[in-house]
Amino acid sequence: MKITQEPIQVLLVFSKEDGQSDAFWWACDRAGFRCNIARTPESAVECFLDKHHEIVVIDGRHSRYFEPEAVCRLIRATKPSENTVILAVVSQRPHDQEETSALPLLRAGFSRRFVENSSVLACYNELVQIEHGEVRCHFKLRACNSVFTALEQCQEAVEITSEDHIIQYVNPAFERMMGYHRAELVGKELTELPKSERNRADLLDAINTCIRKGKEWQGIYYARKKSGENLQQHVKITPVIGQGGKIRHFVAIKRPHYDNNNLVKCHALLHRDRRKDSMDARSLSSRGSDAQSLQNRRYSSVARIHSMTIEAPITKVINIINAAQENSPVTVAEALDRVLEILRTTELYSPQLASKEDDPHTNDLVGGLMNDGLRRLSENEYVSCKNMSQSQLAIPVTLNDVPPSIAEMLNDEECWEFNVLDLEAATHKRPLTYLGLKIFTSFRVCDFLSCSEATLRSWLQLIEGSYHSSNSYHNSTHAADVLHATAHFLRKDRVKNTLDQLDEVAALIAATIHDMDHPGRTNSFLCNAGSELAILYNDTAVLESHHAALAFQLTARDTKSNIFKNIDRNQFRTLRQAIIDMVLATEMTRHFEHVNKFINSINKPMVAIEESSTTANIRNSPEDRLLVKRMLIKCADVANPCRPLELCIEWAGRISEEYFAQTDEEKRLGLPVVMPVFDRNTCSVPKSQISFIDYFITDMFNAWDAFANLPGLMEHLSENYKYWKNLDEMKCKSLRRPPPS
């Protein structure tokens, strides 16, 4: 439980400003405390009732302005002052005068006194000593009120005893369960209460031996109620370590114990035909109090839940952790409690960011890339462009008919340093068809799909025609770049040994189609604008869903370009599912989920095998292949920071321009600005690249490199990061260093 409050609030009650009041003011500023100043008793009380300060400093040196004791009594008369430290500032005494007693100040309500000293450091030391002493104690007392309120409302019986087993507290649930009143129990030793003869003779000794060692005990125990009835309980006794590191209290949590088999039988009886058995459920509920009946039904429900046969994996994990807690040391059990709290949240894979003020670039990038927008619909509607005129397509060619200059470029296609931007220029912004023909032929895609090269050529031209050449970044050159990276990764030994040919074909097709008909705007923009696509896909993975759906729609529309027309239906369904899954994996809202699953399921077992020096192979299950394919296309999609420096700089400029254009349009249409740092007049491109690499790239490529072995890429990444860092340190906001003046 959090028992501190940040920042501490301090009230200075000084009738006039002087060196002492200034010293306390600056001391508060140095300590990070919030400070208010009051000049009169009335304003002091009014301010205190509004802010509920933890520390009040009252000037007691000049009684002609106000009586400090009277001001203190006024504040102490208010309810919030119960946990407030009030400090009296008193005048220094001449050396020949005797020290005065602090008792009158304490009787007036002051907590302590401070002999005037206008040194800021002296005031600072006084304040931080109060914070670490009285204030923190008051926070604990304040927290105790909340804790005891929770105990009073708790449905489980709670009993707190001293180290000598003298009862200190029982809650109302304990009173109801055992039939005693609190006054009958508090102050008594446990040995004074009647014991049940149904416990084993050595059980109490076993319990005491366990808890005296500081260990938690948990088990079944029979208690004797005030009525004399024996009650079987599930008891959990926890030692509480206090002053001096010794056990000072024991907390026992008790609830009635019901055998699960009996509960299931009872549950079955209740559901029999009552005409045959003449069983009235009301007769069962009439036994005991209403509260006890509610408890019975509650534990019956719990038993039925545990007997359910349908169990999700996360439920199994939680049950395993709960079981592990049963006999674990207190520190381990507390750690497992924190694990359970994390597992019960919905955002399991999204790390928490620093404040927007601390890192605006990262916050804006994450907000723009990982969220689906602010869900604020607008009258200004953005509709994705569907102009895919075939007149813009290059003349169909075969691989053998490729112009010599382009063919020479394609000879370097298997090299990571391949320059796709040169290919873009040589092909008049149609690099995807040429590179696609080369790579698909290399991987024998036509053989696998049983389609002709002419069909593949038509399909590549159809897909490339659906990319918007007007986009600075999300155009067919980006698709060609991702296809090239995908092919490069597929040729790595460990990847080849993990994936089969269907996986390879799915990866190449997914890379080719993954951003088709991209409007040059983010998902957040489309959702905020209330676009047709956002409405169609319910504001969820809007663009990625559109890319995949449109690809299959266009492919099936014309038999001349239908590369799937000759494959078996079942094989097509498997291939289609793999392609869709990979395209959807490029959507950034699940980025950390995909990366963490890859690390936990692929990297860590792989490291364990390597460290054990065994010859075992990593299991090549469908689940593992799925994680590898997702990671492969994710890395291919954002591999720009791992390209040679000149390519990295060019891609950084292109994506920045696309984000600048989106910000311009958001402002023009009156939409929420998703990434405010991408204002073309103020943006630092180096900072944006540093944030992107730090937050999205480094961990993902470290994991991918550990699997696929990509030393060249990691060297480029390191060099490019240094380049952006150097520009940022020079306060340069552009892509390149300014020319020397």
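Because the structure is a prediction, the values reported are computed rather than measured.

What counts and how
Residues numbered from 1 in each chain as written. Predicted model: local features only at pLDDT ≥ 70, side-chain atom pairs only at ≥ 80, totals over all residues. Heavy atoms only, no water. Helix = DSSP H or I, 4+ residues; strand = E, 2+ residues; numbered from the N terminus. Buried < 20%, exposed > 50% of the residue type's maximum accessible area, 1.4 Å probe, protein only. Contact = heavy atoms within 4.5 Å. Areas by Shrake-Rupley, 256 points an atom, 1.4 Å probe, with all protein chains shown as cover. Pairing = 2+ DSSP bridges. Right-handed = clockwise from strand over helix to strand, strands pointing away. UniProt positions renumbered as here; feature names shortened; annotations may be inferred. Axes fitted to C-alpha atoms, helices over the stretch in contact; angles between N-to-C directions. Expected span 1.5 Å × (residues − 1). Polar contact = N/O pair within 3.5 Å; in protein donor to acceptor, adjacent residues only side chain to side chain. Salt bridge = Lys/Arg side-chain N within 4 Å of Asp/Glu carboxyl O. Core = buried A, V, L, I, M, F, W, Y, C linked by side-chain atoms within 4.5 Å. Patch = residues over 30% accessible without salt bridge, like charges linked within 9 Å, V, L, I, M, F, W, Y side chains within 5 Å. Parallel < 35°, antiparallel > 145°, perpendicular 65-115°, else oblique. Nonpolar A, V, L, I, M, F, W, Y, C, P; charged D, E, K, R; others polar. Left-handed = near helix turned anticlockwise from the far one by under 90°.

### So, the overall build of the chain
When you go through the chain residue by residue, the secondary structure sums to 32 helices and 10 strands. Each of the 741 residues in the chain was classed as buried or not, and the buried ones make up 47%. Within the chain, residue pairs in contact and separated by at least 24 positions form 70% of the contacts whose partners lie at least 6 positions apart. For the chain, the accessible surface area stands at approximately 38,300 Å², while carbon and sulfur atoms represent 51% of it.

### Comments concerning the pairing of strand β5 (residues 112-115)
As paired elements, strand β4 (residues 85-90) and β5 share four bridges and run parallel to each other. From the neighbouring strand, V90 faces β5, where its bridge partner is V115. Chirality of the crossover, the property in question, places the unit of β4, helix α4 (residues 103-108) and β5 among those that are right-handed.

### Details of the UniProt feature "binding site: Zn(2+) 2" (unreviewed entry) in the chain
Per the UniProt record, the feature "binding site: Zn(2+) 2" (unreviewed entry) sits at D515. Look past the residues within four positions of D515 in its chain and what remains in contact with it is Y467, H474, H478, H547 and D637.

### Side note on the sheet that holds β4
Sheets are built from strands that pair by backbone hydrogen bonding, the pairs being arranged parallel or antiparallel. On the basis of which strands lie adjacent, the open sheet formed by five strands has the order β2-β1-β3-β4-β5 and parallel pairing. Edge strands, defined here as strands with exactly one partner in the open sheet, are β2 (34-38) and β5. Going across the sheet, the axis of each strand differs from the next one's by a mean of 20°, ignoring polarity. Helix α2 (residues 41-51) rests against β1 (9-13), β2 and β3 (55-59) of the sheet, and its axis sits at about 175° to β1.

### Some words on unusual backbone geometry
Phi angles above zero are rare outside glycine, and K429 is one such case at about 65°. Turning to its location among the elements, K429 is positioned in the loop between α17 (420-426) and α18 (431-442). Classification of K429 by relative accessible area gives partly exposed; the value is 46%. The backbone of K731 sits at a positive phi, close to 60°, despite the residue not being glycine. Position of K731 relative to the elements: it lies in the segment after α32 (711-729).

### A few points about helix α21 (residues 476-490)
With 15 residues, α21 extends 21 Å from end C-alpha to end C-alpha; this agrees with the ideal 21 Å at 1.5 Å per step. Two to three positions downstream of the cap, the backbone nitrogen of T477 sits 3.0 Å from a side-chain oxygen, assigning the N-cap of α21 to N475.

### Looking at the pattern of salt bridges
Enumeration over the complete set of coordinates arrives at 35 salt bridges. Note that E229 is salt-bridged to K225, the shortest N-O span being 3.9 Å. Of the charged contacts in the structure, one is a salt bridge between K722 and E719, with a shortest N-O distance of 3.8 Å. Within this pair, K722 and its partner E719 are both found in helix α32, separated by three residues, close to a single helical turn. Assessed through its relative accessible area of 45%, K722 is described here as partly exposed. The network of salt bridges with common partners includes D18, D59, R61 and E116.

### Topic: the nonpolar core
When a protein is soluble and globular, its nonpolar side chains tend to lie buried together. Counting 112 residues, the largest nonpolar core has L449, F489, I509, I579, F701, W704 and W724 as its most contacted members. In terms of residues, this core owes the most to one element, helix α31 (residues 685-708), which gives 13 residues. V170, M178, W217 and L231 belong to the second-largest nonpolar core, a separate cluster that totals 22 residues.

### Points about a nonpolar patch on the surface
A cluster of nonpolar side chains, contributed by W25, W26, I37 and V120, occupies part of the molecular surface with about 370 Å² of accessible area. Within the fold, V120 resides in helix α5 (residues 120-153).

### A look at the packing of α18 against helix α23 (residues 501-513)
Between α18 and α23, the shortest axis-to-axis distance is 12 Å and the interhelical angle comes to 175°. As summarised for this structure, α18 and α23 are arranged roughly antiparallel, according to the angle between their axes. Of α23, the residues touching α18 (which contributes L432, I439 and F440) are L508, I509 and T512. Taken together, the residues of the contact of α18 with α23 break down into five nonpolar, one polar and no charged.

### Examining the pairing of β2
Every other side chain in a regular strand lies on the same face of the sheet, so the side chains alternate between the two faces. One ladder, built from five bridges, connects β1 with β2; its direction is parallel. Within β2, the residue paired with Q9 across the bridge is R34. Handedness of the β1-helix α1 (residues 19-31)-β2 crossover: right-handed.

### A look at the sheet that holds strand β6 (residues 157-162)
The strand order across the open sheet formed by five strands is β7-β6-β10-β9-β8, and the pairing between neighbours is antiparallel. At either end of the open sheet lies a strand with only one pairing partner, and these are β7 (167-170) and β8 (217-224). Averaged over all pairs of adjacent strands, the angle between strand axes in this sheet comes to 30°, irrespective of strand direction. One ladder, built from nine bridges, connects strand β9 (residues 230-241) with strand β10 (residues 247-256); its direction is antiparallel. Within the sheet, the bridge partner assigned to T238 lies in β10 and is V251. Against the sheet, helix α8 (residues 203-212) touches β8, β9 and β10, its axis set at about 140° to β8.

### Some points on the packing of helix α29 (residues 622-637) against α31
Interaxial distance between α29 and α31 falls to 11 Å at its minimum, and their mutual angle equals 125°. In this view, α29 runs oblique relative to α31, as classed from their interaxial angle. α29 and α31 meet at a crossing whose hand is left-handed. Residues V628, M631, L632, K634 and C635 of α29 touch α31, and the partners they reach there are M700, F701, A703, W704 and F707. Residue composition of the contact of α29 with α31, by class: nine nonpolar, no polar and one charged.

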